[in-house]
Amino acid sequence: MFRPKLPDVPTLPTTPAVPPQTQAPVPSAGRSLTPYAGTVAAVVVVGVVLTALLAAVAISAVSVAIAAVVLRSLLNGANKR
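Residues numbered from 1 in each chain as written. Predicted model: local features only at pLDDT ≥ 70, side-chain atom pairs only at ≥ 80, totals over all residues. Heavy atoms only, no water.

Asks: What's the story with the overall build of the protein chain in this structure? I'm lost.
Replies: A count of helices and strands for the protein chain gives one helix and zero strands. The burial tally for the protein chain puts 0% of its 81 residues in the buried class. For the protein chain, the exposed area adds up to about 8400 Å²; of that, 72% sits on carbon and sulfur atoms. (Helix = DSSP H or I, 4+ residues; strand = E, 2+ residues; numbered from the N terminus. Buried < 20%, exposed > 50% of the residue type's maximum accessible area, 1.4 Å probe, protein only. Areas by Shrake-Rupley, 256 points an atom, 1.4 Å probe, with all protein chains shown as cover.)

Shown next, in the form of structure tokens:
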């Protein structure tokens, strides 16, 4: 009386269901990728320029630090004599 009634278990079909084959969508002829080529080229050029500037700043900072160490050692050596 108080037991739940379970639904009947459906039987699986014996033949496998094959989904219909669909082809990949073909890009429309009216829309080309040419406008994106300029944008991609601009992004690549900006990236290269920014990377070169960052490298130049890093090399300059290292050279200034080395020059400061050399000058400091020269000045300290002259004061001790």
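Following the structure, the description resumes.
Asks: What is the right way to look at a nonpolar patch on the surface in this model?
Replies: Nonpolar side chains collect at one region of the surface, where Val45, Val46, Val49, Leu50 and Leu53 lie side by side and expose about 450 Å² of accessible area between them. Along the chain, valine 45 falls in helix α1 (residues 34–80). (Patch = residues over 30% accessible without salt bridge, like charges linked within 9 Å, V, L, I, M, F, W, Y side chains within 5 Å. Salt bridge = Lys/Arg side-chain N within 4 Å of Asp/Glu carboxyl O.)

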